Amino acid sequence: QVQLVESGGGLVQPGGSLRLSCAASGFTFGDYAMRWYRQAPGKQREFVASITTMKLTNYADSVKGRCTISRDNTENRAYLYLNSLKPEDTAVYYCSIYKAGRDYWGQGTQVTVSL
């Protein structure tokens, strides 16, 4: 079955950076676009970034220029590099795929941006 496991979150000061990782299994990784979403307390889950099977990328306006999504098809991993972090980037970050008519989600990794 599809499994997505995020890691790499933590507490970081404003202006800092983090690299989030998503380990994927249970499907042919190279055949699916990978997506990152985030959910802040009291807010709806929102799109952050995506990368297609051909490594074309797309970013939310809120992170454009501060964020890089990548994938390693040999290791079945997707990455999200965040820099120039702001307090408003505080959220649980999820990786996701859309397969066979539904979305699959990991358990998320907490990113907290604070002094």
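Structure first, text after, so check above.
Residues numbered from 1 in each chain as written. Predicted model: local features only at pLDDT ≥ 70, side-chain atom pairs only at ≥ 80, totals over all residues. Heavy atoms only, no water.

### Points about the sheet that holds strand E1 (residues 3-7)
To keep it simple, the criterion reads: Two strands pair under a simple rule: DSSP has to find at least two bridges between them. Comment: elements are numbered from the N terminus, with helices defined as DSSP H or I runs of at least four residues and strands as E runs of at least two. The axes are straight lines fitted to the C-alpha atoms, using for helices just the contacting stretch, and the angles between their N-to-C directions are given from 0 to 180°.
Taken together, four strands build an open sheet; the order of strands is E1-E3-E8-E7 and the sheet is antiparallel. Either end of the sheet is taken by a strand with one partner, and the two such strands are E1 and strand E7 (67-72). When the angles between neighbouring strand axes are averaged without regard to direction, this sheet yields 15°. Where strand E3 (residues 18-25) meets strand E8 (residues 77-82), six bridges bridge the pair, whose relative direction is antiparallel. Counterpart to Leu18 in the pairing with E8 is Leu82.

### Some remarks on the pairing of strand E4 (residues 34-39)
Quick note on the threshold: In this scheme, a residue with accessible area under 20% of its type's maximum is buried, one over 50% is exposed, and one in between is partly exposed, where area comes from a 1.4 Å probe on protein chains only.
Counting buried residues in E4 gives five out of six residues, a clear majority hidden from the surface. Sheet analysis places E4 next to strand E5 (residues 46-51), joined by five bridges and oriented antiparallel. By the bridge assignment, Met34 is partnered in E5 with Ile51. Between the end of E4 and the start of E5, which pair antiparallel, lie six residues, with Gly42 showing a positive phi angle near 75°.

### Points about the pattern of salt bridges
Here is the rule we go by: Here, a salt bridge means any Lys or Arg side-chain nitrogen found within 4 Å of an Asp or Glu carboxyl oxygen.
One pass over the structure, following the stated rule, counts five salt bridges. The residue Lys64 makes a salt bridge to Asp61 at a minimum N-O spacing of 3.2 Å. Asp61 gets classed as exposed once you look at its relative accessible area, which sits at 68%. Each of Arg38, Glu46, Arg66 and Asp89 takes part in a single network of salt bridges with overlapping partners.

### Concerning the nonpolar core
Let me state the cut-off plainly: Only buried Ala, Val, Leu, Ile, Met, Phe, Trp, Tyr and Cys residues count toward a nonpolar core, and they belong to the same one when joined by side-chain atoms within 4.5 Å. In this description, contact between two residues means that some pair of their heavy atoms is separated by no more than 4.5 Å.
Core analysis: the largest hydrophobic core is formed by 31 residues, its most contacted members being Leu4, Met34, Trp36, Leu80 and Tyr93. Those residues within four positions of Tyr93 in sequence are excluded, and the remaining contacts are Glu6, Leu20, Trp36, Tyr37, Arg38, Val48, Leu80, Leu82, Gly108, Thr109 and Val111.

### Some details on the state of the cysteines
Note: disulfide means a covalent bond formed between the sulfur atoms of two cysteine side chains. Put simply, the rule is: Throughout, disulfides are identified as pairs of cysteine sulfur atoms within 2.5 Å of each other.
Using the criterion set out here, one finds one disulfide in the structure. Considering cysteine sulfurs only, Cys95 is the nearest to Cys67, which forms no disulfide, with 13 Å between them.

### A short note on the side chain of Ser96
Our working definition: Here a polar contact is taken to be a pair of N or O atoms separated by no more than 3.5 Å, where protein atoms must pair a possible hydrogen donor with a possible acceptor and residues adjacent in sequence count only if both atoms sit in side chains.
Along the chain, Ser96 falls in strand E9 (residues 91-99). Judged by relative accessible area, Ser96 falls into the buried class, the value being 0%. Within the structure, the side chain of Ser96 is placed 2.6 Å from the side chain of Arg35, a separation counted as a polar contact. Only 3.0 Å separates the side chain of Ser96 from the backbone oxygen of Tyr104, close enough to count as a polar contact. Once you skip the residues sitting within four places of it in the chain, Ser96 turns out to touch Leu4, Ala33, Met34, Arg35, Tyr37, Asp103, Tyr104 and Trp105.

Interpretation in functional terms is not warranted from these geometric data alone.
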